[in-house]
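Chains, contacts and geometry: an overview
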Amino acid sequence: MTSAVPVDPADPLLEAVRIVGIGASAGGLAALEEFLAQTPPDTGMAFMVVQHLDPTQKAMLAELLQRVTSMPVREAKNGGRVAPNQVYVIPPNTELSLNGGLLRLATPSEPRGMRLPINILFSSLASAQGERAIAVVLSGMGSDGTLGLQAIKAVGGLILVQQPDTAQFDSMPHSAIASGCVDFIAPPAALPSHILNYIARLPEHTKTDAPDHNGSTSHADAQGSPLEEIFKLLQARTRHDFSNYKPNTVHRRIERRMAIHGLATPALYAEFLQHNMQEVDLLFKELLIGVTSFFRDGPVWQQLASVTLPELLARRAPGDKLRAWVIGCSTGEEAYSLAMVFTEATERLPKYRDCELQIFASDLSSDAIATARRGQYPSSISDTVSPGRLAQFFTPHNGSYRIGKRIRDMVLFAQHDVILDPPFTKLDLLSCRNLMIYFDAALQRRLLPLFHYSLKPGGVMLLGSSETVGRFNQLFIPLESKLRLYLRQDSTGANTPDFLLTSLPPLSRIKKELPMPPPSAPDSTAMENLQTAADRVLLQVYAPPAVVVNSTGDIIYISGRTGKYLEPAAGKANWNFHAMVREGLRAPLAEALKLAATQSEAVQLPHLRTQLSGVAQIVDVTVQTIREPAALQGMLMIVFRDVAAAPTGRRKAQTALEAAHAAEVQQCRDEIQTLREETRASKEELQSANEELQSTNEELQSANEELTTSKEEMQSMNEELQTINAEMQSKLDDLALAQSDLKNLLNSTDIAMLFLDKKLNVRRYTERASKIISLRESDIGRPLSDLTTSLQYPTLQDDTNETLRTLVFSEKQIFTSDARWFSVRIMPYRRIDNVIDGAVITFVDITETKELESRLRKDQAE
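The residue count restarts for each chain, going from 1 along the sequence in the order it is written. For this predicted model, a pLDDT threshold of at least 70 governs which residues receive local features, and a threshold of 80 or more governs which side-chain atom pairs are given and counted, while totals over whole chains, interfaces and linings are taken from all residues. Excluding hydrogens and water, the side-chain values take into account all heavy atoms of the structure.

1. Things to note about the overall build of the protein chain
- Helix numbering and strand numbering both begin at the N terminus, where a helix is a DSSP run of H or I of at least 4 residues and a strand a DSSP run of E of at least 2. Of regular secondary structure, the protein chain possesses 24 helices and 29 strands.
- Within the protein chain, buried positions represent 44% of all 862 residues.
- Residue-level accessible areas treat just the shown protein chains as cover; the underlying method is Shrake-Rupley with a 1.4 Å probe. Within the structure as shown, the protein chain displays about 44100 Å² of accessible surface, and the carbon and sulfur contribution to it stands at 53%. Three labels apply to residues, based on accessible area from a 1.4 Å probe with only protein chains included: buried if under 20% of the type maximum, exposed if over 50%, partly exposed otherwise in between.

This is the structure in structure tokens:
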């Protein structure tokens, strides 16, 4: 279900267009403008922009972004094909995603305040583009986008985040950085250059990351090369040897890290690693990134549910629980899928309803294990998990899904190296899917016998679709060849005497291959097998019971019968020594373990007393730190030895003393029981109060999230309005300037002009007109009939109305009370769109002309 390195998507359409997903919220408009302004228009990439928008308002984001880039910016349309050198913007009240090279718009399923559209975009990019995906997180409040970044990181994509101190709201950038997924942190204007430089440094690959199933040699050409130095640095830092991985799975990740740091050759990168241990850790994490999902390869899960699990339930001994081990569990999806399928199978078969399954899920990545333990997954899992399963096994939480407690309690997660660490044993089912395809043939041949050893007789092994048991058909027989389901064979002929020794120690310290014995070799193997079997029987029968624990007390190995000293604790399964040790031994052994860890000598605890079925049992215990072999170094061994009963006479005296002690102990126990009951009652009251407070807190948190989202949406709208307001202010400034120009032009003509609207109210006038008609600024809007004038023109208003009715110009010569003549011309006021919107009256002083005309007439008369 998981793999060390993901494979490229096979869709040739997506190979052509690399897509950059950009997520922003409050304060994101300015950051988006800076980013796009510095992005060349011919990058060959497409850009998908998601911003938190008010779902009830029309957005102008596309129009605002179009001002800063020559690339076409448009709102995304459902079903539209992604084209290079274009920007696609999310419409309001939608969720934008990518599916098969097509844009997908969906109505949000979550209520307002709980929506996480940036997570949805990033998760879809991870699924559709794989390691070609690029994600950018800009200014915003909250943590939307962080889960989606983890999905992109899991497939090897590139992640960039705005430098928090340049963001107007830094919550989203800080949340993204805290996830540990980010490759570049820079101001928005610098992010495009990082993307282009990264792509330019990536080598062109003609093949995907799919492993060579013919069994390529493992880095044979890396001996003495910079790659070998890189492997040594990784092994020294992490204990894990990547030289046993197939070359192309490791080279791609190393090349990606080289591109991020701008290093041209592996030699330069190896030198960089020597002086930067943090980069070693980052490379290690990247090499372990897995691709996984719920119910991957549907027919496999159908076979498990309908056939395999019912058969395992039928074969189990009464009272036993089934045990399963999921190797390379990554972030836990496969382990939880197995738990859900088992639950459905037991509900479908009533006679097995009380049966239990304990799932051990392991992975080498501590980050993946931490994510699996949280059990919280993005809403995009609805693509692979049916609505019925979502309702039955998950609970919605902050726009994501959280695994239910019943399923969570069935799975025990542990950081574990299948190559170096001891295996889980006595298993009914072992799943190791899509992990061994990244190992070379030698490592595969070591692991398969180890899996055979871990399974019970009749146990089932599940491999990935590209994995087989190879030449180990004497250990496993196929149940369903196409589904890679195998049944464990009870044959042990293939196990060599040093099987466990060659499987568990570090691979760098053992032979790469076990030589095949020649046909004519003497029959020494049979003698060795006989001796090994005899040694095992002698150790089992005569060696004292013992356990091996690690530094935290977790039991690693049990030898002999330890039931007298250890018993499983009630409740959830717990393999910790301190939880399992019987009463009477717990306190002294806890102190002895602490002491033994600080010294090389064994710690002796003689004559410890414990109770077994009401009978006192005396035992001597030895605790000692293990120094050799290296695989067990630092662990602690605890050995138990029973002490024989005392002679009869002495026993009677001890019995009387014990009776007195027992009475006193019983009194103490009664008092303790009373205190426990009082404590339990107080605890219940506190728990009830805590539940009420928790319920109130959840309600307040939900209200706070809704308010936060509303604030982000309002902030985004406010940014748009501020931009529009700035544009309108600029237009108003231009209009005021044009008005000033017009006023100066009219005044410079020295012609009296009066502008009226349709109702003959004053709209505008020139300074010259105010000397003919009594006008001042406060008269704007007054009717023409209310004005006083020196013109002897009582029909002025009637002539103006007639002009508006007939659209015919009117021109008359009018005498004034101050003995002046004016040519009064009335014409319609015609707008640019050819609409009559009032009248214009001009007054031209013709006094001198009239006087000249009068003199000429007088001269002619004389």
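2. A short note on the pairing of strand E27 (residues 810-815)
- DSSP-based pairing: two strands are paired if at least 2 bridges between them are found. In the sheet, E27 pairs with strand E28 (residues 821-830) via six bridges, with the strands oriented antiparallel. Across the sheet, Phe815 pairs through a bridge with Trp821, a residue of E28.

3. Comments concerning the pattern of salt bridges
- By definition here, a salt bridge exists when the distance from a side-chain nitrogen of Lys or Arg to a carboxyl oxygen of Asp or Glu is within 4 Å. Overall, the coordinates contain 18 salt bridges when judged by the stated rule.
- The shortest N-O distance in the salt bridge between Arg389 and Glu344 comes to 2.8 Å. Placement of Arg389 in helix H15 (residues 387-393) and of Glu344 in helix H13 (residues 333-348) is noted, with a sequence separation of 45 residues between them.
- Asp837 is the salt-bridge partner of Arg763, the closest N and O atoms lying 3.3 Å from each other. Here Arg763 is found in strand E26 (residues 762-765), whereas its partner Asp837 is found in strand E29 (residues 836-845), with 74 residues between them in sequence.
- In this structure Arg763 comes out as partly exposed when scored by relative accessible area, which is 31%.
- A residue is classified by how much of its surface remains accessible, and Asp837, at 18% relative accessible area, is buried.

4. Let's talk about the sheet that holds strand E12 (residues 376-378)
- Taken in spatial order, the three strands make up an open sheet running E12-E14-E13, and their pairing is antiparallel. Either end of the sheet is taken by a strand with one partner, and the two such strands are E12 and strand E13 (394-397). Here the average twist between neighbouring strands, direction ignored, is 35°.
- Across three bridges, E12 lies against strand E14 (residues 400-403) in antiparallel orientation. From the neighbouring strand, Tyr377 faces E14, where its bridge partner is Tyr401. Lines are fitted to the C-alpha atoms to define the axes, a helix being fitted only along its stretch in contact, and any angle between axes, read from their N-to-C directions, falls within 0 to 180 degrees.

5. Comments concerning the sheet that holds E27
- Reading across the sheet, the five strands line up as E26-E25-E29-E28-E27 and stay open at both edges, with antiparallel pairing between neighbours. In this open sheet, the two edge strands, each paired with only one partner strand, are E26 and E27. Adjacent strand axes in the sheet meet at a mean angle of 20° when their direction is disregarded.
- Note on contacts: a residue pair qualifies if any of its non-hydrogen atoms lie within 4.5 Å across the two residues. The strands that helix H23 (residues 796-806) touches are strand E25 (752-756), E27, E28 and E29; relative to E28, the one it contacts most, it runs at about 35°.

6. Some words on helix H7 (residues 191-201)
- Along H7, the residues classified as buried are Leu191, Pro192, Ile195 and Tyr198. Around the axis of H7, the buried residues are gathered within 130° of arc, so they sit on the same side. The directions from the helix axis to the C-beta atoms form the arc being described.

7. Considering the packing of helix H12 (residues 298-315) against H13
- Across the interface, H12 lies against H13 with an axial gap of 10 Å and an inter-helix angle of 65°. Here the hand of the crossing between H12 and H13 comes out right-handed. Contacts between H12 and H13 pair Trp301, Leu304, Ala305, Ser306, Leu309 and Leu313 from the former with Glu334, Ser337, Leu338, Val341, Phe342, Ala345, Thr346 and Arg348 from the latter.
- Amino acids outside the nonpolar list (Ala, Val, Leu, Ile, Met, Phe, Trp, Tyr, Cys, Pro) and the charged list (Asp, Glu, Lys, Arg) are all regarded as polar, and Gly is one of them. For the contact of H12 with H13, the residue count by class is nine nonpolar, three polar and two charged. By convention, the crossing between two helices is left-handed when the near helix turns anticlockwise from the far helix through less than a right angle, and right-handed when the turn is clockwise.

8. Section: the environment of Pro457
- Within the fold, Pro457 resides in strand E17 (residues 455-463).
- Since its relative accessible area comes to 61%, Pro457 is described here as exposed.
- Placed 31 residues apart in sequence, Pro457 and Lys426 show a C-alpha to C-alpha distance of 8.7 Å.
- Filtering out sequence-adjacent residues up to four positions away, Pro457 remains in contact with Arg488 and Asp490.

9. Regarding the packing of aromatic side chains
- The criterion for an aromatic pair is that two Phe, Tyr or Trp rings (for Trp, the six-membered ring) have centres within 6.5 Å, with stacked assigned to planes under 30 degrees apart, edge-to-face to planes over 60 apart and tilted to the rest. Scanning all chains against the criterion turns up twelve aromatic pairs.
- A centroid spacing of 5.6 Å and a plane angle of 85° characterise the contact between Phe294 and Phe394, whose relative ring orientation is edge-to-face. Linking Phe294 in the loop between helix H11 (277-287) and H12 with Phe394 in strand E13, this pair joins segments that are 100 residues apart in sequence.
- With relative accessibility at 4%, the residue Phe394 sits in the buried group.
- Taking 4.7 Å as the distance between ring centres and 20° as the angle between the ring planes, the aromatic pair formed by Phe360 and Phe424 counts as stacked. Of this pair, Phe360 sits in strand E11 (residues 357-363) while Phe424 sits in the loop between strand E15 (411-415) and strand E16 (427-432), and the two are 64 residues apart along the sequence.
- Each member of the aromatic cluster is reached from another via a ring pair, and the members are Phe294, Tyr336, Tyr377, Phe394, Tyr401 and Phe413.
- The side chain of Arg389 reaches across the aromatic face of Phe295, ending 3.9 Å from its centre. The rule is short: NZ of Lys or CZ of Arg within 6 Å of the ring centre and within 35 degrees of the ring normal puts a charge over the ring.

10. Here's the deal with the side chain of Asp799
- Position of Asp799 relative to the elements: it lies in helix H23.
- Polar contact criterion, stated in full: a pair of N or O atoms within 3.5 Å, where within protein one must be able to donate a hydrogen and the other to accept it, and residues adjacent in sequence count only if both atoms are side-chain atoms. A polar atom in the side chain of Asp799 sits 2.4 Å from the side chain of Tyr793.
- Once you skip the residues sitting within four places of it in the chain, Asp799 turns out to touch Tyr793, Ser810, Lys812 and Ile826.

11. Thoughts on the nonpolar core
- By nonpolar core we mean a set of buried residues, namely Ala, Val, Leu, Ile, Met, Phe, Trp, Tyr and Cys, connected to one another through side-chain atoms within 4.5 Å. Ile230, Leu430, Phe451 and Met461 are the most contacted members of the largest nonpolar core, which has 46 residues in total.
- Elements with a contribution of two residues or more to this core: helix H8 (226-238), helix H9 (247-261), helix H10 (266-274), H11, strand E10 (322-327), E16, helix H17 (441-454) and E17.
- If we ignore the near neighbours within four places in the chain, the residues touching Leu430 are Trp325, Ile327, Phe451, Ser454, Leu455, Val460, Met461 and Leu462.
- Judged by nonpolar contacts, the second largest core, of 44 residues, contains Phe295, Val326, Leu357 and Ile403.

12. Looking at the packing of helix H4 (residues 117-129) against helix H5 (residues 146-154)
- At their nearest, the axes of H4 and H5 sit 7 Å apart, and the two run at 10° to each other. With respect to H5, the element H4 is oriented roughly parallel. The residues of H5 that touch H4, namely those facing Asn119, Phe122, Ser123, Leu125 and Ala126, are Thr146, Leu147, Gly148, Leu149, Ala151 and Ile152.
- Counted by class, the contact of H4 with H5 contains seven nonpolar, four polar and no charged residues. By definition in this entry, angles of less than 35 degrees are roughly parallel, angles greater than 145 are roughly antiparallel, angles of 65 to 115 are roughly perpendicular, and the rest are oblique.

13. Focus: a nonpolar patch on the surface
- Where nonpolar side chains cluster on the molecular surface, the patch consists of Leu412, Ile558 and Trp575 and spans about 240 Å² of accessible area.
- On the secondary structure map, Leu412 appears in strand E15. For patches, a residue must show more than 30% relative accessible area and have no salt bridge; joins then use 9 Å for like charges and 5 Å for nonpolar side chains, namely Val, Leu, Ile, Met, Phe, Trp and Tyr.

14. Things to note about the pairing of E29
- The element E29 is extensively covered by neighbouring structure, given that eight of its ten residues are classed as buried.
- Relative to E29, E25 runs antiparallel, the two being bridged by five bridges. Each bridged residue has a counterpart across the sheet, and for Ala752 the counterpart in E29 is Phe843.
- Between the end of E28 and the start of E29, which pair antiparallel, lie five residues, with Asn834 showing a positive phi angle near 65°.

15. Let's talk about the confidence of the model for the protein chain
- When the pLDDT values of the protein chain are averaged, the result is 80; 84% of them are 70 or greater.
- pLDDT expresses how confident the predictor is about each individual residue, on a scale running from 0 to 100. Low pLDDT, under 50, characterises residues 1-15; the predicted model gives this stretch 67 contacts beyond four residues in sequence or across chains.
- The low-confidence segment residues 205-224, where pLDDT is below 50, has 48 contacts with residues more than four positions distant or belonging to other chains.

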